[in-house]
Protein chains: 4
Amino acid sequence: MAATNRAVTFLGPYKLEIQDRGYPKLADPKGKKIEHAVILKLITTNICGSDLHIYHGRFAAPSGMQLGHENTGEVVEVGSHVERIKVGDIVSVPFNVACGTCRNCKERHTDVCLNANEELGFCGAYGFNLGGWQGGQAEYMMVPWADFQLLKFPDKEQAIEKIRDLTLLSDILPTGYHGCVEARVGTGSTVYIAGAGPVGRCAAASAHLLGASCIIVGDHNKARRDLVKNAGYEVVDPSSSTPIPDQIEKILGNGSRWVDAAVDCVGLECHGYGPDGSGKNEEEAVLNTLMEVIKPAGAMGIPGVYTNLDPGAPNELNKKGFMALGFPAAWVKSPSFTAGQCPVMHYNRELMMAILWDRLPYLTGLLNTEVIPLERAVEAYQSFHDGSAKKYVIDPHNTTRLASSSGTR
Amino acid sequence: MAATNRAVTFLGPYKLEIQDRGYPKLADPKGKKIEHAVILKLITTNICGSDLHIYHGRFAAPSGMQLGHENTGEVVEVGSHVERIKVGDIVSVPFNVACGTCRNCKERHTDVCLNANEELGFCGAYGFNLGGWQGGQAEYMMVPWADFQLLKFPDKEQAIEKIRDLTLLSDILPTGYHGCVEARVGTGSTVYIAGAGPVGRCAAASAHLLGASCIIVGDHNKARRDLVKNAGYEVVDPSSSTPIPDQIEKILGNGSRWVDAAVDCVGLECHGYGPDGSGKNEEEAVLNTLMEVIKPAGAMGIPGVYTNLDPGAPNELNKKGFMALGFPAAWVKSPSFTAGQCPVMHYNRELMMAILWDRLPYLTGLLNTEVIPLERAVEAYQSFHDGSAKKYVIDPHNTTRLASSSGTR
Amino acid sequence: MAATNRAVTFLGPYKLEIQDRGYPKLADPKGKKIEHAVILKLITTNICGSDLHIYHGRFAAPSGMQLGHENTGEVVEVGSHVERIKVGDIVSVPFNVACGTCRNCKERHTDVCLNANEELGFCGAYGFNLGGWQGGQAEYMMVPWADFQLLKFPDKEQAIEKIRDLTLLSDILPTGYHGCVEARVGTGSTVYIAGAGPVGRCAAASAHLLGASCIIVGDHNKARRDLVKNAGYEVVDPSSSTPIPDQIEKILGNGSRWVDAAVDCVGLECHGYGPDGSGKNEEEAVLNTLMEVIKPAGAMGIPGVYTNLDPGAPNELNKKGFMALGFPAAWVKSPSFTAGQCPVMHYNRELMMAILWDRLPYLTGLLNTEVIPLERAVEAYQSFHDGSAKKYVIDPHNTTRLASSSGTR
Amino acid sequence: MAATNRAVTFLGPYKLEIQDRGYPKLADPKGKKIEHAVILKLITTNICGSDLHIYHGRFAAPSGMQLGHENTGEVVEVGSHVERIKVGDIVSVPFNVACGTCRNCKERHTDVCLNANEELGFCGAYGFNLGGWQGGQAEYMMVPWADFQLLKFPDKEQAIEKIRDLTLLSDILPTGYHGCVEARVGTGSTVYIAGAGPVGRCAAASAHLLGASCIIVGDHNKARRDLVKNAGYEVVDPSSSTPIPDQIEKILGNGSRWVDAAVDCVGLECHGYGPDGSGKNEEEAVLNTLMEVIKPAGAMGIPGVYTNLDPGAPNELNKKGFMALGFPAAWVKSPSFTAGQCPVMHYNRELMMAILWDRLPYLTGLLNTEVIPLERAVEAYQSFHDGSAKKYVIDPHNTTRLASSSGTR
Ligand SMILES: [Zn+2]
Ligand SMILES: [Zn+2]
Ligand SMILES: [Zn+2]
Ligand SMILES: [Zn+2]
Ligand SMILES: [Zn+2]
Ligand SMILES: [Zn+2]
Ligand SMILES: [Zn+2]
Ligand SMILES: [Zn+2]
């Protein structure tokens, strides 16, 4: 057993440190022994846009919390109840914590497991203020209900070889895919994706995998738009003085201003809408745009995060937990909205198979991954906050031999 | 051909008259001859809560418009292109106007037909300001695209015998059912239905037909709640000082404050929420309640009407076309919302079959239909506005022999 | 701990005995300790048509096997890994054995769990030759993977009160329901159900619950047909000289000879087809009838059991594991077939909710349950084999106080 | 109006001629005027494996029938009831004939339209003995119910440019796709496709488009297998002495002998199974293989044609309309089967969009299309019968400028 466990530790908004938090125990957040758990030695653990919500203080978290919900690792210790998972297995950890035996888990809604967050009553996740499970931006982490939750890769060598894509299975690839599924993206769909961050880029890749025809991604960040464009998709700029529907019409042709499906990959920290809006956070901008561009009988997926527990909400209405939504005009279009976190287990095995058989050749380029050592994690948070078009992946043990020690730009 | 066609005519908010509007022509709203149309002699034509939105001036309509979108009749004239429908057929007319050949119609979204409302570009209906199609609260009416749209009853005598139930197929039974389907009501579901008006009562009957377990209907109107209670369902009172979730918890037992499915059968004219709220219109009250009581991973159907074109919106935000919705707190529950009008053709044949084989024995009692002659229509609008627990059905020719000439209660 | 465990024991075709098989252990079929298991004291354990296949030697089983896969009981002992299930819980046991962590279980296909039958590689069940799990027609039984598998009833008193219906949740009600779901029975469907045995009668009740319009059940056994008729459904007699499609046409009217959905609740021991067929086993009769009466674009559910391991197959083709099916004529109708065992966990909670809220008032009468003591089990097998219209339910401890000691009729 | 209409005319098994059959009229097969029809000038009209069934006398057809159900053309005349389609439109014609107003058409089952085949009562098609509609391997053809049925391409020039792919929309691309959809192919699925003819190759492309992982195609024809292999998919050879499950196991690795999904793109003329089977027609070989390789809870799509009206059925059982199927062994795997013709309109718009946005770059190479003039049609039938790996596309007016007059090999 290792003596130390250095981990990205949240000390308050904009305050992160790499601290030794101690080697994890097979115990639940209250300290009770749990024999259905395993210990992982992290291979890769990614920094996510959701981590930035915590970093910015927009999603409250306790000081001392270890961050990191996008984890891939090697099993180094198993509890006595674990039957299927073995020491040495290389596994992807869905970011949701899920028990496997509650009603919601049985019905495949592992995003709202009823046994993983005692305080809220549902919805657990690692490295969030959702149930007290410590994150994996660390050397080691504990994963409960291992037999149910862990996705085992068939071959270690192959896993390391495809790690840039496989590391996305813990959250953002399933999340982008889920957004598309909820928006009913399928063969031939025209799709608008709000946000060209890592989740938005995964949503674009997912729309492609799902057979979409015209895939349009909107972002005010040019470097991120360029990644999307280079992968062969269309882009719009919400900060332009040309309204988004006009930009979409120009792309689609034939006078169409509507898309079949729309996905919100931005959430509550939306900014950069309108020519004067770049610096301003307008919580409702994405959802109101989606309702405007969706076709009659169309559907919207909303994996972008919203919360009423947002100390930094930009206006009075938002602070009270409300959003000013243009729902009345949308109603007559018979739209459908699906919100919330992705139940990763619903999709990760299928997406792994697609990756292993090389069905997403566009994924690596779109994501623009940079693998870094744990030491560079805090710097990477800042770079990501500053609008970097990279997806940062921490390799705490340099297992992949890909970690670069040089600067993040 | 009849010389006259007396019809319920809208002259402005709270101003209706029975006027002779002239026998209808086989012509579209712009006067162009359409040979795919038929003329119906109305058997029954119901007054709907949506008609009240027009009556109240909350859904703008031109003076001179004939009301009535819930129509059942006998075919008395057919255009030369009509192949399937014959003179003498007894038919139910879906309230949506739908062409049968546009993309949306082919995909069964007849609620948003692209050829039935030139002004808006989609969504046509009779007796609304949606495409200019005249309503059927009249002696005769014209129905376009007859082969595609009309649902023929297999037997005239049987149709008249079951007319109290069959007359609901043109709108409110499919609409209540659609709300339940969108809310994913199925075997064993617990359901909250907002509103015990005719649509809400049809939603309760639909939930029953769909196999729901605990069916809870909320309304501040006691007479309507009593209809629901007598049919064997549960009720809550939104005007009580006990919050709705507490009332629901008491019904469900086991500490549950959540329902599996929730349906909005109220819409923009919501009032009667909270102990002091009975007289006040609070546009968001129903939707915010639904988001509060829905379980994690639950779904909501929203057939209740909303519109941004509401001259009587109760506050500044609403007047601008926005609603203050508690979406941020709901997001973490991974909810699903589906809004809009019901595509009646998706459900009416199936529901007709269920009625003809007596599978909704509870429907007649729940609806509490009163059949009236055309002369009493204006009085019935006022009675319905006043909160009557009746569903008013106009029989302009006394075909059913059920029309009562005595006063409404 | 009890010293004895009297159980219905299979000694060979038509040879059953009540033997003391010893109190069960928390151990898998190979004798390995399993701490995820519990011991149940049986409350009710039903005799099933599938048991008759074993009784008849048509589904091979080892001598000494304890029968019984339809089990409801009280938890009297829990393994150390069990977290959710407690001693004293009243639970329904799905007849499939399922681990909860294999791919199929996670995808809700608990009927083909990959960890419950080592020999075959998938598909475990109690009291069958499917994985070696002992049945529950006994005083006590062991149930593995208890947290995942067991359906807990909310209240013991209520459970005993509704036990005649709740005891059906372990197999035949979900199985009949599954057949209907696979046949896409929904609101207004016309349905043909082959077989008026207990599963067929549960399928009729399920079709009713699912909103079907015309429900037609075929059986050559008049007493079983009468149960169906008295519940308000239609019946046809396959042994009549009038072909089944002609009998159906007479019921449906309007010249229709097709149904929307068809369900096979008979399986391989089909007999009684055609006027001369009553004594003869014709393995293909049901499936070929279903393909004949199904409408174009219709669907068939096939929960009726077939197996290639049938020592008593009626002809040479069948003995080789083939059936002579009229598939070529059916092909042009674009039919859909779904076969196999019911994944009980997909449906049992929902059906329990429907029972607890009294949404299947017709179920008790249709099933015609007789509760008997364990002593009468062997006699009941013979009576059921002889064509009794009862559903026999064994109450080994007379917990329900319903067990009648008098002779079966 | 053209004076002549040269067409591929069926005169009996293996007897085809190009005859002038006269310019088509706006009339139904009985000669009744139909104003909802249009006349097309053919741009492309493909030769299909189904045409070979007719050519071989395995699907009976009247002498004098014009062949051709895979038609793309320019509208040159419209009936007076046609509203949406205009002279000059470039359109794809779904091979099914469908009215748009019967129950099945409204429910999107245009493959079993109730008004397009008076003799059978359902299921119409051009150039088949299914309703008497003349085929389009000709200069001109008549298409009824044009507003409902025709898929308009947005731009003529673009259509001609992508004609090799777009010409597949009338049948085989939707048919292969439908087979995959019915087999529930989705992201990450492993798929076995029986047959590397044009439909099988379209199924492989469809599986790719649908996100499948490992795509395996079986055919004894090496040239066809090579097309599949070159496109990056896996192949097996049914004529090998190694059983297909063993070949599949070798491809999938990890000891798996099962696929998630299986598609029959062969049908009744199956031959080439087993090392000694290459010359022999074994009607059941494909279906029995599919049942063997499908995983528990897997699904099979069966677009391959079967019929009980087959004068050339290979054995006595087949001649009576039965097939000896290994259903009993498959039953315990809980499989699902969906058979029949593809409802082209369910898929063609979506697939057109995918083609227009270049989402199937692999399609052209897989199909290996050769465009030929009408004069070479009879020769192409023979070449296709001989096992050519080409897809023959007739361009009767050399609109595409692609027609090669040189020999077919
Ligand atoms: Zn993340
Ligand atoms: Zn859970
Ligand atoms: Zn209405
Ligand atoms: Zn339309
Ligand atoms: Zn059973
Ligand atoms: Zn399992
Ligand atoms: Zn074809
Ligand atoms: Zn049709």
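It should be emphasised that the depicted structure is a prediction, and the values quoted were computed from it without experimental measurement.

## Description of helix α9 (residues 244-252) of chain A
Residue and element names in this part refer to chain A. What α9 keeps buried is the set Ile244, Pro245, Gln247, Ile248, Ile251 and Leu252. One side of α9 carries all its buried residues, which in axial view fall inside an arc of 160°. For α9, the elements touching its buried residues are β11 (191-194), β12 (215-218), β13 (234-236), β14 (259-264) and α10 (285-293). Looking at the residues trailing α9, positive phi occurs at Gly253, about 70°.

## Description of the interface of chain A and chain B
Of the residues lining the interface, 46 residues belong to chain A; the matching set on chain B comes to 46 residues. Carbon and sulfur atoms make up 67% of the area that chain A and chain B hide from each other, which totals about 3,600 Å². Its largest share of buried area at the contact with chain B, chain A owes to A:Phe327, A:Pro328 and A:Trp331, together 20% of the area lost on that side. Applying the counting criterion to the chain A and chain B interface returns two salt bridges.

## Points about unusual backbone geometry
Positioned with a positive phi, A:Arg184 is a non-glycine residue whose angle comes to about 60°. Judged by relative accessible area, A:Arg184 falls into the partly exposed class, the value being 48%. Even without being glycine, D:Asn368 reaches a positive phi, approximately 60°. Residue placement: D:Asn368 occurs in the loop between α14 (363-367) and β18 (369-372). D:Asn368 gets classed as partly exposed once you look at its relative accessible area, which sits at 25%.

## Here we look at the domain arrangement of chain A
Residues and elements named next belong to chain A. Looking at the assigned domains, one finds that chain A contains domain 1 (6-170 + 344-394) and domain 2 (176-339). Spacing between the C-alpha centres of domain 1 and domain 2 amounts to 26 Å. For the pair domain 1 and domain 2, the two sides together bury roughly 2,100 Å², of which 64% comes from carbon and sulfur. Looking only at domain 1, the three residues that lose the most surface to domain 2 are Arg58, Tyr347 and Leu366, adding up to 37% of its buried area. Viewed at the interface, domain 2 and domain 1 are joined by one salt bridge. With a shortest N-O distance of 2.6 Å, Arg58 and Asp310 are connected by a salt bridge. Counting across the interface, domain 1 meets domain 2 through 12 residue pairs in polar contact (both at pLDDT 80 or more). Residue assignment for the side of domain 1 that touches domain 2 shows that the elements contributing at least two residues are α1 (49-55), α13 (348-356) and α14 (363-367). Among the elements that take part in the side of domain 1 that touches domain 2, α14 stands out by supplying four residues, more than any other. The residue makeup of the side of domain 1 that touches domain 2, split by class, is 14 nonpolar, eight polar and four charged.

Rules and cut-offs
Residues numbered from 1 in each chain as written. Chains lettered and ligands numbered in written order. Predicted model: local features only at pLDDT ≥ 70, side-chain atom pairs only at ≥ 80, totals over all residues. Heavy atoms only, no water. Buried < 20%, exposed > 50% of the residue type's maximum accessible area, 1.4 Å probe, protein only. Helix = DSSP H or I, 4+ residues; strand = E, 2+ residues; numbered from the N terminus. Arc of directions from axis to C-beta. Contact = heavy atoms within 4.5 Å. Buried area = accessible area lost by both parts, 1.4 Å probe. Salt bridge = Lys/Arg side-chain N within 4 Å of Asp/Glu carboxyl O. Domains from an automatic or database assignment. Polar contact = N/O pair within 3.5 Å; in protein donor to acceptor, adjacent residues only side chain to side chain. Nonpolar A, V, L, I, M, F, W, Y, C, P; charged D, E, K, R; others polar.

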